[in-house]
Amino acid sequence: QASSFYSPHRPPQQPMPPSASIGGKWQQNNRQDDLVIFEGRFSWWAAWCMMIWVVGFIVSTVAMVLSARGSAFEFISEEISFIKDFNPPYGPKEQPSVDANMREINQLFRYRLPQTALFYSLAAASLGLFSVSYFTSYMLLEDQGSKRVVDIGLVISKGVQVYFDRATPVLLFFLFCGG
């Protein structure tokens, strides 16, 4: 009987024992060392982050749609002008200087914040951070590989943790003391 999988360039394969088809757990161990696969672990931190970012995305999207239709609440910002120019066309009529028709240097002026762009940015950031949380959870749950691969991953993880432990106080110091 000629097999349709026969190739003259490779030797015929060993027949699979009858117990191999039950559950698909038949493994061929021709090597001396056995390959040990470490199972992944579940991360509640990544699961909570996914939930928070999904809620943030939904809220930001609803607020973005409402602001695009003109139904959202109004954000008005008051800033100091660094230039001499006309008042913003999208600003409120009530300005801090009652008789000022223009923005003057070092004088306060008001303008409406672009809400649609702000809520769009929040929605996009929430979606991106959800993706990060999802793939972090996915990588933690999948099999991690052989012991050598797991050990290399643990060494890298320890190095990153030491880096963050040493760099975070310095960054916070400059952030709060630098203004």
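All chains use their own residue numbering, which begins from 1 and follows the written sequence. Side-chain atom pairs in this predicted model are given and counted only at pLDDT of 80 or more, local residue features only at pLDDT of at least 70, and totals for whole chains, interfaces and linings cover all residues. The basis for every side-chain value is the complete set of heavy atoms in the structure, and neither hydrogens nor water enter the calculation.

Draft legend 1. Main features of the packing of aromatic side chains. Put simply, two rings from Phe, Tyr or Trp (the six-membered ring, in Trp's case) pair if the centres are within 6.5 Å, and we call them stacked under 30 degrees between planes, edge-to-face over 60, tilted for the rest. Counting across every chain of the model gives 8 aromatic pairs. A ring pair is formed by Phe73 and Phe75, whose centres lie 5.1 Å apart and whose planes are at 85°; its orientation type is edge-to-face. Three exposure classes are used, based on accessible area relative to the maximum for each residue type with a 1.4 Å probe and protein chains only: buried under 20%, partly exposed in between, and exposed over 50%. Residue Phe73 is classed as exposed on the basis of its relative accessible area of 52%. By relative accessible area, which is 31% here, Phe75 ends up partly exposed. Residues Phe75 and Phe119 carry aromatic rings whose centres are separated by 6.4 Å and whose planes lie at 45° to one another, so their mutual orientation is tilted. On the criterion of sequence distance, the pair formed by Phe75 in the loop between helix H1 (44–68) and strand S1 (76–80) and Phe119 in helix H2 (residues 115–141) is long-range, its members being 44 residues apart. Ring-pair connections join several aromatic residues into one group, and the members of that group are Phe73, Phe75 and Phe119. Its guanidinium or amino end placed over the ring of Phe109, Arg103 lies 4.1 Å from that ring's centre, counting from NZ or CZ. Each helix is a run of H or I in the DSSP string that is no shorter than four residues. Each strand is a run of E no shorter than two, and both are numbered from the N terminus. Two thresholds decide whether a charge sits over a ring: the Lys NZ or Arg CZ must be within 6 Å of the ring centre and within 35 degrees of the ring normal.

Geometric values such as these leave the question of function open.
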